[in-house]
Amino acid sequence: MNVYVEYVILDNFVIDVLLLLAAALTLKLSIKKYRLILGGLVGSACAVVSVFVTGFWIYLVKTACLALMCVTVVGFGKKLFWYILLTVAYTFALGGAITGLFHLFKISYVNENGEFYQMKVPLFVYALAVGIVAFLCYSIVFYVRQTKKVAPFLTKISVTLDKQYSLTGFCDSGNTLIHEGLPVCFVTQKFNGFAEYFARQTLLGKICSIEVVTVAGVQKVSAVKAVVTANGKTLETFLALPKEKCKTAGYSVLLSSEFINDCAPSEHGAVVEE
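Residues numbered from 1 in each chain as written. Predicted model: local features only at pLDDT ≥ 70, side-chain atom pairs only at ≥ 80, totals over all residues. Heavy atoms only, no water.

Counted by the stated rule, this structure contains seven aromatic pairs. Ring geometry for tyrosine 138 against phenylalanine 142: centres 6.4 Å apart, planes inclined by 20 degrees, an arrangement best described as stacked. Of this pair, tyrosine 138 and phenylalanine 142 are both found in helix α5 (residues 123-150), four residues apart, which corresponds to roughly one turn of the helix. Accessibility expressed as a relative area gives 48% for tyrosine 138, which makes it partly exposed. Ring centres of phenylalanine 194 and phenylalanine 198 lie 5.5 Å apart, and the angle between their planes is 45 degrees; this geometry places the pair in the tilted category. (Phe/Tyr/Trp six-rings, centres within 6.5 Å; stacked < 30°, edge-to-face > 60°. Helix = DSSP H or I, 4+ residues; strand = E, 2+ residues; numbered from the N terminus. Buried < 20%, exposed > 50% of the residue type's maximum accessible area, 1.4 Å probe, protein only.)

Set out below in structure tokens:
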């Protein structure tokens, strides 16, 4: 039987990354992607080294490997101990699940000498497929929850610049910003035609600078005049661009509190989510 080293490395890398990611998500830890990849590489390297170790030393190498992987991902801190324990728990759970599935579908994964890699398809392919499906399910659930959360605050609006645009706005009672007597709305998601119009107005010198107080301090944003209609109100407003890119979905404009009518009050206290 041929044992391909690249299969061994890829199997361990994919499975280690999935285990480390699952433990981090469970503990709600914010981790860097490159550290997660480094953790998987450490696990793969240790797996290759363990092939040449026997007896008592193999347990020492595997224990050191586990600790080193976890430190690589989350560093030293109060949650390192729980992160290690959770990674171990997921390792046993995943190992049992994989073995159970192999028995269920009668897949031969060991030969007569008790060696692994009797399968025609490498283990990392199965693990990667499961990981992708789990990620897609998680993404769908997250999107649905976010959509339901903001749905009560969404309303159809029209924005008039060089022409009229039909958009979706978010009613935010926390946005009480006024500039030169006019309410200020924020474009959180650029719509077709806005960038070109904004650029033309900048060249014509018709863009103004507005001070905005956020949790990060006082910042200045660029804005252009527009006419906005929402909830039966038509007002001349300033349409501003946030200092940083906003991660929003389902709406393009964060409305001023001046447009609050039938919309439920927003739970967001800040003027702009950044």
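From this point, the narrative continues.
Another aspect to go through is helix α2 (residues 33-50). Between the first and last C-alpha of α2 there are 26 Å, a value that for 18 residues agrees with the 26 Å anticipated at 1.5 Å per step. Within α2, the full set of buried residues consists of Leu36, Gly39, Gly40, Val42, Gly43, Ser44, Cys46, Ala47 and Ser50. (Expected span 1.5 Å × (residues − 1).)

Positive phi, normally seen in glycine, also occurs at lysine 28, with a value near 55 degrees. Position of lysine 28 among the secondary structure elements: in the loop between α1 (5-26) and α2. Overall, lysine 28 belongs to the exposed group, its relative accessible area being 75%. Although it is not a glycine, glutamate 180 sits at a positive phi angle of roughly 55 degrees.

Turning to the pattern of salt bridges, a few remarks are in order. Applying the stated criterion across every chain, the model contains one salt bridge. One salt bridge connects arginine 200 with aspartate 162, and the closest N-O pair in it is separated by 3.2 Å. Here arginine 200 is found in helix α6 (residues 194-203), whereas its partner aspartate 162 is found in the loop between β1 (154-160) and β2 (164-171), with 38 residues between them in sequence. When its relative accessible area of 40% is taken as the criterion, arginine 200 is described as partly exposed. Given the relative accessible area of 44%, aspartate 162 is considered partly exposed. (Salt bridge = Lys/Arg side-chain N within 4 Å of Asp/Glu carboxyl O.)

Once that is clear, we can look at the side chain of glutamine 201. Tracing the sequence through the fold places glutamine 201 in helix α6. The residues contacting glutamine 201, other than those within four sequence positions of it, are Lys206, Ile207 and Val224. (Contact = heavy atoms within 4.5 Å.)

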